[in-house]
Amino acid sequence: MDIFYEIHKDLPREGPGDNASTRKALSYLKNLPKDAKILDIGCGPGMQTLELAKNLESTSCKIIALDNHEPFLKVVDEKAKKENLSEKIQTHYGSMFSLEFEDESFDCIWAEGSIYIIGFKRGIKEWKNFLKEGGYLVVSEISWLKFDVPEEAKEFWSTKYPVKQIYENLHDIKESGYEIIEHFTLPSESWRTDYYTPIENRITSLWDKYINDQEAMNVLYDTQQEINMFNKYSDYYGYVFYVMRVKN
Ligand code: SAM
């Protein structure tokens, strides 16, 4: 098995997040119709998909949970069945780079911890086509939380992802034709409880198995480094939820 999937297999979620923050972001969508059609992009194992389905009272709403990793879709289907939410949740294999839906198909697009894959600016621009007039886009994205970010943290992220200041992302949102509804920072615990802590436990359990495999050891080491970086600099960067709406 690919070492990456061995580290990530069966985690509660695949990125920072927590159910309370999902509910908080959802609470800002005041004009969502009862029969809302929601696209959850990069759903992973579906923690946010299930939480959305539980908190959307109307049984006529539909969440399309999309991912390009088939095993995650199977997990989401199983969880939905177990929680009696299959009527509301439909899984869909596909890529966020080439969404196969008609323009203006959705009342809301939701992407927790996944827009970084296509890039924040490109994602909010391209996905807008699939939103109805007045439709919502809700994304969470790693962002700098302070201006005086230490060099070590800047250098670490410079090789991985172009992390932006919150005001820069808000600027891109406005420029792309959205109204900003709200933004808020996720608590640092939402990186740990369902994401970094289970990964650290996994790393510990895989260390001995791969002691003689340099390539695998590099992956384990890099993953641990990312966690160490967050433990040291979580005051300076975090995940931020951005809630926006297509301007009428
Ligand atoms: N939203 C989930 C969560 O918060 O637990 C998962 C976030 S994880 C960081 C990113 C997800 O995007 C993974 O499930 C991955 O399989 C999926 N993904 C990666 N590339 C993709 C693509 N091109 N199209 C759709 N999904 C993709």
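The structure presented is a predicted model; accordingly, all values stated were derived computationally and were not measured.

> Which parts of the structure should I look at to understand the site of the ligand?
As a matter of local geometry, the ligand sits amid 20 residues, with E14, G42, D67, M96 and E112 nearest to it. One of the side-chain nitrogen or oxygen atoms of Q48 is found 3.4 Å away from a nitrogen atom of the ligand. E112 has a polar backbone atom sitting 2.8 Å from a nitrogen atom of the ligand. Protein contacts shield 90% of the accessible area of the ligand, which totals 590 Å² for the unbound molecule.

> Looking at this structure, how should I read the packing of aromatic side chains?
Considering all chains together, one arrives at 19 aromatic pairs under this definition. Here the aromatic rings of F101 and F106 are separated by 5.1 Å at their centres, their planes lie at 85°, and the arrangement is edge-to-face. We note that F101, like F106, is buried. Connected via pairs of aromatic rings, a cluster forms that spans W144, F156, W157, W191, Y195, Y196, F230, Y237 and Y239. Above the ring of F184, the side-chain terminus of K24 is found at 4.3 Å from the ring centroid. A cation sits over an aromatic face here: K146 above Y236, 5.0 Å from the ring centre.

> What is the right way to look at a nonpolar patch on the surface in this model?
Side chains of F97, Y116 and I117 sit close together on the surface and give an oily, nonpolar patch of about 280 Å² of accessible area. Along the chain, I117 falls in the loop between β4 (106-111) and α5 (120-127).

> Mind showing me how you'd approach the pattern of salt bridges here?
Think of it this way: side chains of opposite charge can pair up when their charged atoms draw near. Under the definition given, this model contains ten salt bridges. We note a salt bridge from E152 to K232, for which the minimum N-O separation is 2.8 Å. Here the residue E152 occupies a position in helix α6 (residues 151-158), and K232 occupies one in helix α9 (residues 214-233), the gap between them amounting to 80 residues. Among the residues examined, E152 registers a relative accessible area of 38% and is labelled partly exposed.

Calculation criteria
- Residues numbered from 1 in each chain as written.
- Predicted model: local features only at pLDDT ≥ 70, side-chain atom pairs only at ≥ 80, totals over all residues.
- Heavy atoms only, no water.
- Near = heavy atom within 4 Å.
- Polar contact = N/O pair within 3.5 Å; in protein donor to acceptor, adjacent residues only side chain to side chain.
- Areas by Shrake-Rupley, 256 points an atom, 1.4 Å probe, with all protein chains shown as cover.
- Phe/Tyr/Trp six-rings, centres within 6.5 Å; stacked < 30°, edge-to-face > 60°.
- Buried < 20%, exposed > 50% of the residue type's maximum accessible area, 1.4 Å probe, protein only.
- Lys NZ or Arg CZ within 6 Å of the ring centre and 35° of its normal.
- Patch = residues over 30% accessible without salt bridge, like charges linked within 9 Å, V, L, I, M, F, W, Y side chains within 5 Å.
- Salt bridge = Lys/Arg side-chain N within 4 Å of Asp/Glu carboxyl O.
- Helix = DSSP H or I, 4+ residues; strand = E, 2+ residues; numbered from the N terminus.

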